[in-house]
Amino acid sequence: MCGIGVIASLASATADHDTAALVDEMLLQLHHRGPDETSTRIEPQVGFAFARLSLVGIANGSQPLATGEDDLVLVANGEVYNHRSLESRLGITSELRTLSDCEVLLHQYRRHGLDFLDDVRGMFAVILWDRRNQKLVLARDRFGIKPLYFHRSAERIVAASEIKALMVDPGTPREVDWTTALGHPQLIGAPQFDQDETCTWFKGIESVPAGTILEIDLRDGSTRSHRYWSLPEPNEDWSEQRFVDEYRDALVASVRECATADAELGLFLSGGIDSTAVLALADSQDIHTFSAVTAGTLLNGDVEEAAWVAGKYGNPHHQVEFPHDLTPSTEQWRRVLWLSETPLCGPEVYYRYELHRFARQARPELRGMLLGSASDEFNGGYSVNTAGEGGWERFRRNLEYLADRTDLPRAAASSWRTDYSLPLVRPHLVREAAGSTADAYARYLRSEHLKVQQYNVWHDDRTAAGSSTEARVPFLDHRLVEISTSVPDRLRPALLWDKAILRRAMEGLVPERSRVRGKVPFFYGAGVGHTHRMMMRMLRAEDGLLVERALAAPGSADHLEGDNVRALLSVDGRDAELAEKAEIVLRLVNLGLLSELAREVPKVSRMPAGPVRQRVAEDVSGQDLAARLGVVEAADSLPPGRYRMTEGVTLLRDELNPTGFLMRGGELLYEFDATSPTFSALRGLASGDALDETLQGQPAEVADDVRDDVLELHRAGLLEATVEAVTDRQT
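Residues numbered from 1 in each chain as written. Predicted model: local features only at pLDDT ≥ 70, side-chain atom pairs only at ≥ 80, totals over all residues. Heavy atoms only, no water.

Caption draft 1: Spatial organisation of the pattern of salt bridges. Scanning the model with the defined rule gives 59 salt bridges in all. Between Arg 367 and Asp 36 there is a salt bridge whose closest N-O contact spans 3.6 Å. Taken together, the positions of Arg 367 in strand 16 (residues 366–370) and Asp 36 in the loop between helix 1 (19–30) and strand 2 (37–42) put the pair 331 residues apart, joining distant regions of the chain. Glu 331 is the partner of Arg 334 in a salt bridge, and the nearest nitrogen-oxygen pair spans 3.2 Å. Here Arg 334 and its partner Glu 331 are both found in helix 11 (residues 330–340), three residues apart, which amounts to about one turn of the helix. Connected through shared salt-bridge partners, Arg 33, Lys 146, Glu 162, Lys 164, Glu 341, Asp 461 and Arg 462 make up one network. (Salt bridge = Lys/Arg side-chain N within 4 Å of Asp/Glu carboxyl O. Helix = DSSP H or I, 4+ residues; strand = E, 2+ residues; numbered from the N terminus.)

Caption draft 2: Representation of the sheet that holds strand 13 (residues 264–268). In spatial order, the strands read 15-14-13-16-17; together these five strands make up an open sheet with parallel pairing. Bordering the open sheet on either side are strand 15 (317–321) and strand 17 (470–472), each of which pairs with just one other strand. Put simply, the sheet's adjacent strands are angled 30 degrees from each other on average, direction ignored. Sheet topology note: the strand 13/strand 14 (residues 288–293) ladder contains three bridges and is parallel. Of the residues in strand 14, the one forming a bridge with Phe 268 is Phe 290. Packed onto the sheet, helix 8 (residues 273–282) meets strand 13, strand 14 and strand 16 and runs at close to 150 degrees relative to strand 13. (Pairing = 2+ DSSP bridges. Axes fitted to C-alpha atoms, helices over the stretch in contact; angles between N-to-C directions. Contact = heavy atoms within 4.5 Å.)

Caption draft 3: Up close: the pairing of strand 9 (residues 156–160). Burial runs high along strand 9: five of the five residues are buried. Neither face of strand 9 is exposed, since Arg 156, Val 158 and Ala 160 on one face and Ile 157 and Ala 159 on the opposite face are all buried. Looking at chain direction, strand 1 (residues 2–9) and strand 9 are connected through five bridges and run antiparallel. Of the residues in strand 9, the one forming a bridge with Ala 8 is Ile 157. Where strand 8 (residues 149–152) meets strand 9, four bridges bridge the pair, whose relative direction is antiparallel. Its bridge partner being in strand 9, Tyr 149 is matched across the sheet by Ala 160. (Buried < 20%, exposed > 50% of the residue type's maximum accessible area, 1.4 Å probe, protein only.)

Caption draft 4: Summary view of the environment of Leu 117. Note that Leu 117 resides in the loop between helix 3 (104–112) and strand 6 (122–130). As for Leu 117 and Asp 141, which are separated by 24 residues in sequence, their C-alpha atoms are 8.4 Å apart. In contact with Leu 117, not counting residues within four places along its chain, are Leu 105, Phe 124, Ala 139, Arg 142, Ile 213 and Tyr 228.

Caption draft 5: Fine view of helix 12 (residues 347–362). With 16 residues, helix 12 should reach 22 Å at 1.5 Å per residue; the first-to-last C-alpha distance of 22 Å fits that figure. With 14 of 16 residues buried, helix 12 is to be regarded as a mostly interior element. (Expected span 1.5 Å × (residues − 1).)

Caption draft 6: Representation of the packing of aromatic side chains. This structure, assessed with the given rule, holds 16 aromatic pairs. Ring centres 6.5 Å apart and planes at 50 degrees place the aromatic pair Trp 333 and Tyr 350 in the tilted group. Taken together, the residues span a long stretch of sequence, with Trp 333 in helix 11 and Tyr 350 in helix 12 at a distance of 17 residues. Both residues of the pair, Trp 333 and Tyr 350, belong to the buried class. Between Trp 392 and Tyr 441, the aromatic rings sit 6.1 Å apart at their centres with planes inclined by 40 degrees, giving tilted as the arrangement. Placement of Trp 392 in helix 15 (residues 392–407) and of Tyr 441 in helix 17 (residues 440–465) is noted, with a sequence separation of 49 residues between them. Overall, the relative accessible area of 10% leaves Trp 392 in the buried class. Grouping aromatic residues by their ring pairs yields a cluster made of Trp 392, Phe 395, Tyr 441, Tyr 444 and Trp 497. The ring of Trp 308 carries Arg 513 above its face, with NZ or CZ at 4.1 Å from the centroid. (Phe/Tyr/Trp six-rings, centres within 6.5 Å; stacked < 30°, edge-to-face > 60°. Lys NZ or Arg CZ within 6 Å of the ring centre and 35° of its normal.)

Caption draft 7: Main features of the environment of Gln 195. Its location among the elements puts Gln 195 in the loop between helix 6 (185–188) and strand 10 (206–207). A relative accessible area of 32% places Gln 195 in the partly exposed class. As for Gln 195 and Arg 446, which are separated by 251 residues in sequence, their C-alpha atoms are 7.6 Å apart.

Caption draft 8: Expanded view of the packing of helix 22 (residues 528–551) against helix 24 (residues 562–570). The geometry of helix 22 relative to helix 24 is characterised by a closest axis approach of 10 Å and an angle of 175 degrees between their N-to-C directions. Classed by the angle they form, the pair helix 22 and helix 24 counts as roughly antiparallel. Across the interface between the two elements, Met 536, Leu 539, Arg 540, Val 547, Glu 548 and Leu 551 from helix 22 touch Gly 562, Val 565, Arg 566, Leu 568, Leu 569 and Ser 570 from helix 24. Of the residues assigned to the contact of helix 22 with helix 24, the class counts are seven nonpolar, two polar and three charged. (Parallel < 35°, antiparallel > 145°, perpendicular 65-115°, else oblique. Nonpolar A, V, L, I, M, F, W, Y, C, P; charged D, E, K, R; others polar.)

Caption draft 9: Just unusual backbone geometry, in detail. Pro 64 follows Gln 63 through a cis peptide bond whose omega is 5 degrees. One can find Pro 64 in the loop between strand 3 (46–52) and strand 4 (65–66). Non-glycine residue Asp 70 carries a positive phi angle of around 65 degrees. Inspection of the secondary structure assignment puts Asp 70 in the loop between strand 4 and strand 5 (72–80). In this structure Asp 70 comes out as partly exposed when scored by relative accessible area, which is 29%. Its identity is not glycine, yet Lys 499 carries a phi of approximately 60 degrees, on the positive side. Along the polypeptide, Lys 499 turns up in the loop between helix 19 (492–495) and helix 20 (500–505). For Lys 499, a relative accessible area of 3% gives the class buried.

Caption draft 10: Seen up close, the confidence of the model for the protein chain. Looking at the protein chain, pLDDT values average 87 and 86% of them are 70 or higher. Counting contacts from residues 411–421, a segment whose pLDDT is below 50, to residues more than four positions away or on other chains yields 20 contacts. Predicted confidence is poor over residues 632–636, with pLDDT under 50, and the contacts of this stretch with residues over four places away or in other chains come to 14 contacts. (pLDDT = per-residue confidence, 0-100.)

Caption draft 11: Spotlight on the nonpolar core. Counting 156 residues, the largest nonpolar core has Trp 333 and Leu 476 as the members making the most contacts within it. Dropping the residues within four chain positions of it, Trp 333 is found in contact with Cys 345, Gly 346, Tyr 350, Met 535, Met 538, Leu 546, Leu 586, Asn 590 and Leu 593. Listed in part, the 24 residues of the second largest apolar core include Leu 136, Leu 138, Val 208 and Leu 214. (Core = buried A, V, L, I, M, F, W, Y, C linked by side-chain atoms within 4.5 Å.)

Caption draft 12: Inspection of a negative patch on the surface at higher detail. There is a patch of like negative charges on the surface, built from Glu 701, Asp 705, Asp 708, Asp 709 and Glu 712. Here Asp 709 lies in helix 29 (residues 700–715). We classify Asp 709 as partly exposed; its relative accessible area is 31%. (Patch = residues over 30% accessible without salt bridge, like charges linked within 9 Å, V, L, I, M, F, W, Y side chains within 5 Å. Areas by Shrake-Rupley, 256 points an atom, 1.4 Å probe, with all protein chains shown as cover. Lys, Arg positive; Asp, Glu negative; His and termini not counted. Charge placed at Lys NZ, Arg CZ, Asp CG, Glu CD.)

Spelled out as structure tokens, the structure:
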């Protein structure tokens, strides 16, 4: 990973800036991306900035890179994994001047022009100056793994790896784009497909689209866009087994390429099939693995599974503990948010940032981190959850629902289709009225491609960059994605339900226990309430200082109802109720804080080291760990004992119906048949009976159903264990 930047003046512009000074300021903003070496190249029309993190060609891989004739100059961020084969194919081995894997890109461009990336494998952002033709070329890999942003004016183009580096230019706006941000489906959690290119969240700042080359003529500022890669069409020629075999071969090749470097690599290990497959195929006991230990990962089994997998392969394993009372300080959050440059910065971003920070403290020579990211998006990883209680057909219908939600505002037939359970017109008519005829699954894949750019690789890049580490993502090899996304409709149920293509491909290559383990969320699920309470504590700290700073930021008063934001923070809530409040409030606060930070443009620096988090003992199920994490319930069952309604929750019965209710503050939360075993058990708990006492005389199946209902209420924060219940469990 590196930090790259350029300031290029149009030929017709009158110089009104000191290019060298601005390039130096750019380097200060990019230093965390490449602390090993910094360099610049200043010409009358173009100035380059380069901050290097050394992973390949450490002894001789400096940039900017140039051809022998000096007619082409390039800076690049990322890795070209097949550079050796490209160099051999071009016959240029004797012409190479460095050991950099990116030097081959100069010769690719000279030979192939704007087709120079067609055969390149890897992750990269490229800035190339074609002096002879007065063209500035900006390009990104097929998934936008490596970032590249730019701002253009009548005088010049400024481009860099991070938005903050653009803002050193006095002509670049320093304003949040409130209108666009507040309408973005990911910000508001809208149930619809993403369909627009990446949103940068800031006015006047654009992102080079993934899989695209922009050619800007510096003589007149005209721009040509060349898209060199798109998601493939369905492949009707391959058999089901051919898809599995090809996928296996492509994943093996991708992991081996990503696991090759001249510096130490680590791996984030969850114990799921994605990260386990990467560890197994990397086939190196020198790789240190790292896992987050939170209430969520303890309850969902990740803690135990990750430790088991690391032990199975003999890799040194580090468990990074996040105790239940951990709360980021105001300044810590502002630092992580400014590093990430997105209002989508949330608990997952914070946890990953801390994991990277711990990894660099534990392994100072570590330079790269292997990730299992972005497997779910293209392999059907969300199919089971999206289907709810149904199977593939329900999944397909729910995708059509999302397509409808995306199209309805633009469709003439929108008034006919307001209730998905009782559609009055055929779904394809709605999509045709909106000008969209692609099948719902194809649109889903395009939406996932955009989501990966907007969120996944964005925060993967930034959280790693904050600790001067490069994130490597083997599942985003385009050869691999082309296989899974070209599965035709007739084979999708067999290959893309619950990541079947990956699970079948890994048969015999990973432990069976890992291969068949179901998907669990990173922090959503049974432990999500712990995470959201942490975020709410942070927002309420110091009399709501983060919130007040956000509400006082430029643009906030025009777009946010400040009193209502404050009111949400004052409402007590738990789990599901709190989750909705915490995530919505946090994204709005983040927008305000970004607006404030953009005016200041502070330099990113590493967060102070502080104490290294405790290494967790091998017995990850111990009660001391559960207590530190604030966990009081088991992952799949309730311990015996006494439970009571949490404060403010009331159990009521309507004798006329008869119906039972759970109420809080006048709000109806649950409705029951008052003659049901569950309602009877709740009445017993309210009277002080132990859970097992309320179930005496019930058949085993009925008792199990009641326990499930009580567990759901407990996780929702409506029931709490008494001191006696917790003591019983710990003994």
